[in-house]
Amino acid sequence: AETPAEEAAEAPAEEAAEAPAEEAAETPAEEAAEAPAEEAAGEQSPVLLATVNGEGIMSDNASLLDALSYYQELAGSYGMDVSSEDTMSLLRQYSMQHAIQTVLVSQKAAELGLDTITDDDRAALAADAKTQWAGIIESVISSQGNVTEGSTDEEKAAARADAEATLLAYGYNEETYTNEYVEYGLSNLLFDRVKKHLTGDETVTDEDIQTYYDDLVKEDREKYENDVGTYEFYTQYYGQSSYYTPEGYRGITHILLPVDEELMNNWKDLSARLEEQQSAAEAEPTEAEETPAGETAPAAEAEAEAVPADDAEPAAEETPAEDTEPAAEPESAETPEPTAEPVTEEMVQAAKQAILDSVQPTVDEIKSKLESGVSFDDLIKEYGTDPGMQDDARRAEGYMVHNDSILWDPAFQAAAMALEKIGDVSDPVVGQYGVHILHYLKDVPGGADELTEEMKDEFRSTLQSEMENEVLQSAIDEWMDAAEIVYTEEGEPWKLVIEEADEEEAPAEEASPAEETAPTEEAAPAEEAAPAEEAVPAEEAAPAEEAAPAEVAAPAEEAAPAEVAAPAEVAAPAEEAVPAEEAAPTEEAAPAEEAAPAE
């Protein structure tokens with residue numbers, strides 16, 4: 001489970017600022033000395049809950065309490081009532097099972113002679129802990145925002161002292177963190193040794209890797225082949241990996257020219273007003289529609305009232321704007337204000353032309369240089385203002401644009417798909433963020449992605465770990481069956497009742513407690529909205545198993561919980577996570593506002 005140190009590292013700056021300095025500076029010993037006498041008197045000594053082959057598990061067992069804390073957080077994230085005795089009974093049972101498994105692995109390590117811990121083992125873990133601690137400190141400093149590039153050494157030292165005080169308020173300093181890290185690390189070390197012993201020389205083969213890859217491709221093909229919107233939502237909005245690319249994508253680079261703000265706002269305002277007029281006109285029934293054949297006027301009127309104007313399709317989609325005259329119907333809530341000048345298509349086109357005229361000299365320069373042999377890539381560097389196009393790797397691949405894309409400004413997308421052949425350059429196009437000149441860079445190959453050596457190494461590591469964990473868990477199940485486990489009266493509430501547990505829904509069933517540790521790029525904040533709600537059905541937009549935060553990953557009994565619970569994994573500095581807003585283009589976002597996808 002997350003350590004207080006990590007929670008402190010992820011705390012918002014304002015929360016950290018609220019911690020009084022004098023309170024943060026207190027040591028745990030001082031805090032204990034100031035505790036009310038009645039509170040101290042109410043503390044109970046640890047009690048024996050169970051024995052495993054004669055070895056006791058006390059009520060203050062670290063493995064037990066860590067698992068319980070993890071399961072409480074997990075249950076809460078699923079909306080379960082952790083104040084309910086029924087819920088807590090189930091969580092205690094799973095936590096006890098985790099503690100028993102940890103004891104059994106430790107006993108097996110001793111039986112096999114694998115439990116020898118050297119000074120070098122401790123020293124290596126301590127060195128790792130110091131590195132992790134330094135990262136946590138830097139993360140807290142960053143979250144508090146007290147240091148800038150221009151900060152003096154004194155200001156930096158003060159910020160570091162504030163960060164250390166914040167962590168101390170959570171009960172952590174470098175020494176306590178290092179000690180906990182080392183203990184977790186030693187537990188993991190025993191798990192690793194036992195796993196290696198059990199798996200022996202068994203390794204992952206090239207055939208295993210190919211099969212694993214083929215399955216991933218098949219899964220992504222079924223998900224994305226005929227659904228470009230979902231593909232873009234997960235891969236470019238959430239930054240998830242995909243091993244399959246739908247057919248029909250092309251790589252587009254562009255030069256984004258800035259436009260006078262007044263001209264741009266005028267065009268946007270007129271466009272929005274025209275759209276509102278068209279929507280209102282579409283929502284109003286015509287005289288012929290007011291009383292359909294065979295239907296009374298009141299019935300037709302009731303039907304019209306049943307369809308809110310906001311739900312009607314924009315008139316522009318069915319009737320050319322130039323054919324749409326301002327409605328001469330009686331006033332209604334949906335029509336523009338009587339005093340407002342109706343907007344015509346001609347007015348919108350005139351505003352757009354004013355924008356094009358304002359950048360025409362620059363456009364002429366660009367065309368002239370293209371004709372003289374200057375590369376489009378060099379012209380992007382010289383004239384372009386899209387931050388995404390300043391990245392060499394992105395410029396080399398271009399933006400992936402498809403007829404069914406949901407991420408791009410419609411004007412940009414239409415212009416990109418109108419280009420006929422690779423190498424073509426568009427005329428200037430007015431979009432939401434300026435004027436674009438687009439270049440058809442290449443076609444993006446569809447189908448399965450190439451299986452690279454880097455991917456093979458990644459898959460080999462994943463499969464090897466899965467294999468070892470499966471072997472270990474199978475062995476643990478056997479050891480559990482053979483073990484002499486005796487519960488005391490105090491431990492009865494912690495006893496796992498298999499029949500009841502099978503009928504109850506565990507908090508999760510996919511991995512081990514510590515897999516909740518480092519936040520991933522694929523985990524998107526709940527408040528994020530889909531880039532295009534119309535294009536991605538709600539039921540498809542965020543499947544729980546894919547969009548759920550990493551910390552909801554699963555119960556202990558399915559893997560070796562303790563071995564992955566080391567603080568090393570929970571101490572990843574917060575700034576390493578890609579901010580969702582940088583990887584989350586909206587359906588109206590032009591490339592200028594696009595940041596590199598999370599990959």
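Because the structure is predicted, anything quoted here is derived from the model rather than measured. Residue positions are given per chain, counting from 1 as you read along its sequence in written order. Totals for whole chains, interfaces and linings use all residues, but because this is a predicted model, local features are given only for residues with pLDDT of at least 70 and pairs of side-chain atoms are given and counted only at 80 or more. As a convention, hydrogens and water are excluded, and side-chain values are obtained from all of the structure's heavy atoms.

1. Regarding the overall build of the chain
Consideration 1: Helix and strand counts for the chain stand at 24 helices and 9 strands.
Consideration 2: Exposed residues in this analysis have more than 50% of their type's maximum accessible area, buried residues have under 20%, and partly exposed residues fall in between, with area computed by a 1.4 Å probe over protein chains only. A total of 599 residues make up the chain; the buried ones form 40% of that total.
Consideration 3: Pairs of residues are marked as contacts when any of their non-hydrogen atoms sit within 4.5 Å. Counting contacts in the chain only where the partners sit at least 6 residues apart, residues at least 24 apart contribute 78% of the total.
Consideration 4: By element, 48% of the accessible surface of the chain is carried by carbon and sulfur atoms, the whole surface being about 31900 Å². Numbering of helices and strands runs from the N terminus; a helix is a DSSP stretch of H or I covering at least four residues, while a strand is a stretch of E covering at least two. Only the protein chains shown count as cover for residues, and all accessible areas are computed by the Shrake-Rupley method using a 1.4 Å probe.

2. What about the sheet that holds strand β1 (residues 48–52)?
Consideration 1: A pair of strands is considered paired only if DSSP assigns at least 2 bridges between the two. Read across the sheet, 3 strands follow the order β2-β1-β9 without closing on themselves; strand pairing throughout is antiparallel. Single-partner strands in this sheet number two, and they are β2 (55–58) and β9 (485–487). Taking each pair of neighbouring strands and ignoring which way they run, the sheet shows an average axis angle of 20°.
Consideration 2: Relative to β2, β1 is paired through 4 bridges, and the arrangement is antiparallel. Bridge assignment links Thr51 to a residue of β2, and that residue is Gly56. Note on geometry: axes are C-alpha line fits, over the in-contact stretch for helices, and angles between N-to-C directions span 0 to 180 degrees.

3. Points about the nonpolar core
In summary, soluble globular proteins display a tendency toward joint burial of nonpolar side chains.
Consideration 1: The biggest cluster of nonpolar side chains holds 47 residues, and the ones touching the most others in it are Ile252, Ile255, Leu257, Val401, Val435 and Leu438.
Consideration 2: With 7 residues, helix α16 (residues 345–371) is the largest single contributor of residues to this core.
Consideration 3: In contact with Ile255, other than residues within four places in its own chain, are Ile366, Phe376, Leu379, Ile380, Tyr383, Gly384, Val435, His436 and Ile437.
Consideration 4: We call a set of buried residues a nonpolar core when its members are Ala, Val, Leu, Ile, Met, Phe, Trp, Tyr or Cys and they connect through side-chain atoms within 4.5 Å of each other. Formed by 32 residues, the second largest nonpolar core is a distinct cluster that contains Ala67, Leu68, Leu104 and Ala483.

4. Quick word on helix α20 (residues 453–482)
A turn of α-helix holds 3.6 residues, and therefore any two residues three or four places apart point the same way.
Consideration 1: Here, expected helix span is obtained from the residue count minus one, scaled by 1.5 Å. Its 30 residues place the ends of α20 43 Å apart at the C-alpha level, agreeing with the 44 Å of an ideal helix rising 1.5 Å per residue.
Consideration 2: Among the residues of α20, Met455, Phe459, Leu463, Gln464, Met467, Glu468, Asn469, Leu472, Gln473, Ala475, Ile476 and Trp479 are the ones counted as buried.
Consideration 3: On the buried face of α20, the contacting elements are α7 (85–111), α10 (174–199) and α11 (206–224).

5. Re the packing of α16 against helix α17 (residues 376–383)
Consideration 1: At a minimum axis separation of 10 Å, α16 and α17 run at an interaxial angle of 150°. Regarding the angle of α16 to α17, the classification is roughly antiparallel. As for the relative orientation of α16 and α17, their crossing is right-handed in sense. Taken together, the residues of α17 that come into contact with α16 (itself represented by Thr362, Glu365, Ile366, Lys369 and Leu370) are Phe376, Leu379, Glu382 and Tyr383.
Consideration 2: Considered class by class, the residues forming the contact of α16 with α17 number 5 nonpolar, 1 polar and 3 charged. An angle below 35 degrees is read as roughly parallel, one above 145 as roughly antiparallel, one from 65 to 115 as roughly perpendicular, and any other as oblique. Note on convention: near helix rotated counterclockwise from far helix by under a right angle means a left-handed crossing. Clockwise means right-handed. All residues other than Ala, Val, Leu, Ile, Met, Phe, Trp, Tyr, Cys, Pro, Asp, Glu, Lys and Arg, Gly among them, are scored as polar; the first ten of these are nonpolar and the last four charged.

6. Let's talk about the packing of aromatic side chains
Consideration 1: Each Phe, Tyr or Trp ring, with Trp reduced to its six-membered ring, pairs with another whose centre is within 6.5 Å; inter-plane angles below 30 degrees give stacked pairs, above 60 give edge-to-face pairs, and intermediate values give tilted ones. Applying the stated criterion across every chain, the model contains 18 aromatic pairs.
Consideration 2: Taken together through their ring pairs, the aromatic side chains of Trp133, Tyr172, Tyr177 and Tyr181 make up a single cluster.
Consideration 3: To sit over a ring, a charge needs its Lys NZ or Arg CZ within 6 Å of the ring centre and within 35 degrees of the ring normal. One residue, Lys268, lies across the ring of Tyr433, its end atom 5.7 Å from the ring centre.

7. A look at the pattern of salt bridges
Consideration 1: Each reported salt bridge corresponds to a side-chain nitrogen of Lys or Arg within 4 Å of a carboxyl oxygen of Asp or Glu. The tally for this structure, following the rule as stated, stands at 18 salt bridges.
Consideration 2: Salt-bridge contacts for Asp121 lead to Arg193; the nearest nitrogen and oxygen are separated by 3.3 Å. Of this pair, Asp121 sits in helix α8 (residues 119–144) while Arg193 sits in helix α10, placing them 72 residues apart in sequence.
Consideration 3: Here Asp192 ties to Lys195 by a salt bridge, and the two come within 3.9 Å at their closest N and O atoms.

8. With respect to unusual backbone geometry
Across residues other than glycine, the phi torsion is negative in most instances, and most of the peptide bonds are trans.
Consideration 1: The backbone of Asn53 sits at a positive phi, close to 55°, despite the residue not being glycine.
Consideration 2: As for its placement among the helices and strands, Asn53 is situated in the loop between β1 and β2.
Consideration 3: A residue is classified by how much of its surface remains accessible, and Asn53, at 43% relative accessible area, is partly exposed.

9. Overview of the environment of Ala109
Consideration 1: Structurally, the position occupied by Ala109 is in helix α7.
Consideration 2: Residue Ala109 is classed as buried on the basis of its relative accessible area, which comes to 0%.
Consideration 3: As for Ala109 and Lys195, which are separated by 86 residues in sequence, their C-alpha atoms are 9.8 Å apart.
Consideration 4: With residues up to four places along the chain from it excluded, the contact list for Ala109 reads Leu114, Asp115, Leu190 and Val194.

10. A look at the confidence of the model for the chain
Consideration 1: Per-residue confidence from the predictor is reported as pLDDT, which spans 0 to 100. Per-chain confidence: the chain averages 76 in pLDDT, with 66% of residues scoring 70 or above.
Consideration 2: Note on residues 11–42: pLDDT is under 50 here. Beyond four places in sequence and across chains, it has 16 contacts.
Consideration 3: Contacts for the low-pLDDT stretch residues 293–333, under 50 throughout, to residues beyond four places or in other chains number 30 contacts.

11. Looking at helix α13 (residues 261–283)
Consideration 1: With 23 residues, α13 extends 33 Å between its outermost C-alpha atoms, agreeing within 8% with the 33 Å of an ideal straight helix rising 1.5 Å per residue.
Consideration 2: Within the sequence span of α13, burial applies to Met264, Trp267, Leu270, Leu274, Gln277, Gln278, Ser279 and Ala280.
Consideration 3: Contact partners of the buried residues in α13: α16, β6 (429–431) and β7 (434–443).
Consideration 4: Contacts described as polar in this section are N or O atom pairs within 3.5 Å, which, within protein, must combine one atom able to donate a hydrogen with one able to accept it, while residues neighboring in sequence count only if both atoms come from side chains. N-capping of α13 is provided by Asp260, with a side-chain oxygen placed 3.1 Å from the backbone N of Glu262.

12. Structural notes on a negative patch on the surface
Consideration 1: Taken together, Asp214, Asp215, Glu219 and Glu222 make up a surface patch of like negative charges.
Consideration 2: The topology assignment puts Asp214 in helix α11.
Consideration 3: Its relative accessible area of 39% is what places Asp214 among the partly exposed residues. Patches here are clusters of residues that have more than 30% relative accessible area and form no salt bridge, with a 9 Å joining cutoff for like charges and a 5 Å cutoff for nonpolar side chains (Val, Leu, Ile, Met, Phe, Trp, Tyr). Asp and Glu are treated as the negative residues and Lys and Arg as the positive ones, with His and the ends of the chain left uncounted. Taken as the charge location is NZ of Lys, CZ of Arg, CG of Asp or CD of Glu.

13. Comments concerning the environment of Tyr237
Consideration 1: Mapped onto the elements of the fold, Tyr237 is located in helix α12 (residues 228–237).
Consideration 2: Taking C-alpha positions, Tyr237 is 8.5 Å from Leu407, a pair spaced 170 residues apart along the chain.

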